Amino acid sequence: MSPATLEHALDLTEQMLMLALQQEWQQLNQLEALQRETIQSFFNQGAVLTQNDQSLIIKINSLLDQVIALSEDQMHSLNDQMTQMKKGRAAAKAYGQGEP
C-alpha cells in the first residue's frame, strides 16, 4: 500500500466539495470517511511537515469549510421542511378532531 499523502487527501476533499454542490450527501459521507482515514494515516507516518504540507493542509481546511457550509445549508433546509410538515400534520389533526 502506498503511503498516505496530503495530495491524495486534497483530491478527496475536492471531490467532497463537488458532491456537496451536487447534494450527493450519502456519497459525500462515504468519501469523507476515506479522506479522514487518509489524513490520519499521513500523520501516523510521523513525517515532519514541510511548507508544502502546510499549504496543502490550509487548502484542505478551506475546502472543508465550504463543504460544511453547504451541509449546514442543507440541514437548515431540511429542518424548515420538517417544521412545515409538523405544522401541516398538526393542522390536519386539529381539523379532523373538529368534525363530528
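Preceding this section is the structure that the text describes.
Nothing here was measured: the structure is a model prediction, and the numbers come from that model.

Chemist: Just give me the short version of the packing of helix α1 (residues 6-21) against helix α2 (residues 25-44), but keep the residues and values in it.
Modeler: Direction vectors running N to C along α1 and α2 enclose 165°, while the axes themselves pass 9 Å from each other. Judged by the inter-axis angle, α1 sits roughly antiparallel to α2. Between α1 and α2 the crossing geometry is left-handed. In this structure, α1 contributes Leu-6, His-8, Ala-9, Leu-12, Thr-13, Gln-15, Met-16, Leu-19 and Ala-20 to the contact, and α2 contributes Trp-25, Gln-27, Leu-28, Leu-31, Glu-32, Leu-34, Gln-35, Thr-38, Ile-39 and Phe-42. Tallied by class, residues from the contact of α1 with α2 come to 12 nonpolar, six polar and one charged.

Chemist: Give a description of α1 that names residues and reports values.
Modeler: Under the 1.5 Å per step criterion, the end-to-end length of α1 is 22 Å for 16 residues, consistent within 8% with the ideal 22 Å. Taken as a whole, α1 has its buried residues at Leu-6, Ala-9, Leu-10, Leu-12, Thr-13, Met-16, Leu-17, Leu-19 and Ala-20. Backbone geometry just after α1 places Gln-23 at a positive phi near 60°.

Chemist: Give a description of α2 that names residues and reports values.
Modeler: Taking 1.5 Å as the rise per residue, α2 with 20 residues should run 28 Å; its terminal C-alpha atoms sit 28 Å apart, in good agreement. Inspection of α2 places Leu-28, Leu-31, Gln-35, Thr-38 and Phe-42 among the buried residues, and these make up the whole buried set. The arc that holds the buried residues of α2, viewed along the axis, is 85°, so those residues lie on one side. Facing away from the buried side of α2 by over 90 degrees, the exposed positions are Gln-26, Asn-29, Gln-30 and Asn-44. Two residues or fewer after α2 comes Gly-46, characterised by a positive phi angle close to 75°.

How each quantity is defined
- Residues numbered from 1 in each chain as written.
- Predicted model: local features only at pLDDT ≥ 70, side-chain atom pairs only at ≥ 80, totals over all residues.
- Heavy atoms only, no water.
- Axes fitted to C-alpha atoms, helices over the stretch in contact; angles between N-to-C directions.
- Helix = DSSP H or I, 4+ residues; strand = E, 2+ residues; numbered from the N terminus.
- Parallel < 35°, antiparallel > 145°, perpendicular 65-115°, else oblique.
- Left-handed = near helix turned anticlockwise from the far one by under 90°.
- Contact = heavy atoms within 4.5 Å.
- Nonpolar A, V, L, I, M, F, W, Y, C, P; charged D, E, K, R; others polar.
- Expected span 1.5 Å × (residues − 1).
- Buried < 20%, exposed > 50% of the residue type's maximum accessible area, 1.4 Å probe, protein only.
- Arc of directions from axis to C-beta.

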